[in-house]
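Listed here are the chains, written in short residue letters.
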Amino acid sequence: MASIITTVTLCNILLILLLSSCAANAQLSANFYANSCPNLQTIVSNAMTRAVNREARIGASILRLFFHDCFVNGCDASILLDDTSTFTGEKNAAPNRNSARGYEVIDTIKSNVEAACSATVSCADILALAARDGVVRLGGPTWQVLLGRRDARTASQNAANNQIPSPFANLAALTSSFASKGLSARDLTALSGGHTIGLARCTSFRSRIYNDTNIDANFAATRRANCPASGGDNNLAPLDTLTSTRFDNNYYRDLVAQRGLLHSDQELFNGGSQDALVRTYSNNPATFSADFVAAMVRMGNISPLTGTSGEIRRNCRVVN
Ligand code: HEM
């Protein structure tokens, strides 16, 4: 009798585990808005085409916004909430202040989407689509974005300060930061390829160009010319030396040549576990693209709010 009860209980537990893991995997889907907002993807991609034509860098900035959203309590558009006198969000956390950009483009897309299908599409999903479309517009690979995320009603400056990896981190710290989000070292190396586009401020790479020894001497000298030992904190340099508005594999060629701009970039090719993969990506753009796309989907799956959790924000900057 006791063993029957145990078996029944065990079966129940297994069933619950099975159902909850199905739910976890079935949370997001490519056709989530197929009926409720059929033109969503066209609206987002048209707006991103306009935005990138106006300023190529914006594709990079929006890709980074998505990363900074997903790494802080999941892809829930928490990064888009403005600070108010009674609310402290993530925009002024150290990794974002004077650095994260592209919020206005998301506002424009959101109002276009609201005009077509009001109170239906989350800001978190708009950001996921816009990030993909920015990459595509800059010549990168495309992928199917899974949808169905809802928007957070909270944000955490503290979590943004602690959970977004630092450009001064070593490989072990980077790997463990990504592992804490369920992402592998391979995902880390593929996603860091996002640095094939966009710019960084002197303050983010000063210690690298003045103190690091695993750096090409000519490259360091060139970067020092526009990033003095003190002052010029906001002076910009491309993360990819040659093609910072083209999504390609040149970032990895830079790493192999010790021309990584951030200390964290060069950590991926510094005699450690990721050297072989960096070399592969530097020689094989198709392998990089395939891994980048798969890793973007995994990053986009980090702890989404679904079902009745969270809300569909009307204005991405404020909780309803
Ligand atoms: C691996 C850990 C990472 C670190 C430590 C890191 C750090 C940084 C830093 C310091 C900057 C320059 C910010 C500034 O100076 O204003 C930057 C820019 C950027 N990051 Fe990362 N990042 C990481 C991973 C990623 C990932 C996973 C992506 C996307 C898949 C990404 C996409 C970008 C882009 C596109 C830019 C340029 C943004 C612009 O031009 O506005 N980064 N990153």
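Structure shown above.
What counts, and at which threshold
- Each chain has its residues counted from 1, running along the sequence as written.
- Totals for whole chains, interfaces and linings use every residue, but because this is a predicted model, local features are given only for residues with pLDDT of at least 70 and side-chain atom pairs only at 80 or more, for both listing and counting.
- Helix and strand assignments follow DSSP, with helices taken as H or I runs no shorter than four residues and strands as E runs no shorter than two, numbered in order from the N terminus.
- Throughout, radius of gyration means the C-alpha value; the globule benchmark is 2.2 Å times the number of residues raised to the power 0.38.
- Two residues qualify as a contact pair if the distance between their C-beta atoms, derived from the backbone, is within 7 Å.
- How far a helix is expected to stretch is found by multiplying one less than its residue total by 1.5 Å.
- Labels follow a simple rule on C-beta atoms placed from the backbone: if 20 or more others lie within 10 Å of a residue's own, it is buried; if 12 or fewer, it is exposed; otherwise it is partly exposed.
- Each C-beta atom gives one direction from the helix axis, and the arc is the one those directions make.
- Using the backbone to place each C-beta atom, any residue with that atom within 6 Å of a molecule or strand is considered near it.
- Here the nonpolar group is Ala, Val, Leu, Ile, Met, Phe, Trp, Tyr, Cys and Pro; Asp, Glu, Lys and Arg are the charged ones; every other residue, Gly included, is treated as polar.
- Where each domain begins and ends is defined by an automated method or by a domain database.
- Each nonpolar core comprises buried Ala, Val, Leu, Ile, Met, Phe, Trp, Tyr and Cys residues, the members being joined through C-beta atoms within 7 Å.
- Convention adopted: a line fitted to C-alpha atoms gives each axis, helices being fitted over their contacting stretch, and angles between N-to-C directions are expressed from 0 to 180 degrees.
- Crossing handedness is defined as follows: a turn of the near helix away from the far one that is anticlockwise and smaller than a right angle gives a left-handed crossing, while the clockwise case is right-handed.

Q: Give me the lowdown on the overall build of the protein, citing residues and values where you can.
A: Scanning the protein from N- to C-terminus turns up 14 helices and two strands. Scaling as 2.2 N^0.38, a compact globule of 320 residues should have a C-alpha radius of gyration of about 20 Å, and the protein matches this with 21 Å. Relative to all contacts within the protein whose residues are 6 or more apart in sequence, the contacts with residues 24 or more apart total 77%.

Q: Hey, could you go over helix α4 (residues 103-116) for me, with residue numbers and the actual values?
A: Given a rise of 1.5 Å per residue, 14 residues ought to cover 20 Å, and the 20 Å separating the end C-alpha atoms of α4 matches this to within 8%. Looking at α4, one finds that the buried residues are Val105, Ile106, Ile109, Lys110 and Val113. Projected onto a plane normal to the axis of α4, the buried residues spread over an arc of 135 degrees and lie on a single side. Turned more than 90 degrees off the buried face of α4, the exposed positions are Glu104 and Ala115. Close packing links the buried residues of α4 with α2 (40-54), α3 (57-70) and α5 (123-137).

Q: Please set out the site of the ligand residue by residue, giving values where relevant.
A: The environment of the ligand is made up of 27 residues, and the closest members are Ser61, Ser99, Gly194, Gly198 and Ala200. Listing elements by their share of the shell around the ligand, those giving two or more residues are α3, α8 (185-191) and β1 (199-201). Element by element, the count of residues in the shell around the ligand is highest for α3, at six residues. In terms of residue class, the shell around the ligand is made up of 14 nonpolar, nine polar and four charged. Structurally, the shell around the ligand is a two-domain feature, drawing no fewer than three residues from each of domain 1 (40-164) and domain 2 (183-299).

Q: Explain the nonpolar core residue by residue, including any values.
A: Judged by nonpolar contacts, the single largest core of 78 residues is most densely connected at Val44, Phe66, Ile106, Ile109, Ile126, Leu127 and Ala130. At nine residues, α5 tops the list of elements feeding residues into this core.

Q: Which residues make up the packing of α4 against α5, and what values go with them?
A: At a closest axis distance of 10 Å, the pairing of α4 and α5 adopts a crossing angle of 115 degrees. Relative to α5, α4 is oriented so that their crossing is right-handed. On α5, the residues touching Ile106, Ile109, Lys110 and Val113 of α4 are Cys123, Ile126, Leu127 and Ala130. Grouping the amino acids of the contact of α4 with α5 by side-chain chemistry returns seven nonpolar, no polar and one charged.

Q: Account for the environment of Leu65, naming residues and giving values.
A: Looking at the secondary structure, you find Leu65 in helix α3. On the neighbour-count criterion, Leu65 (24 C-beta atoms within 10 Å) is buried. As a C-alpha pair, Leu65 and Ala131 span 66 residues in sequence and 8.1 Å in three-dimensional space. If we ignore the near neighbours within four places in the chain, the residues touching Leu65 are Ile79, Ala100, Gly102 and Leu127.

Purely geometric numbers; function is a separate question.
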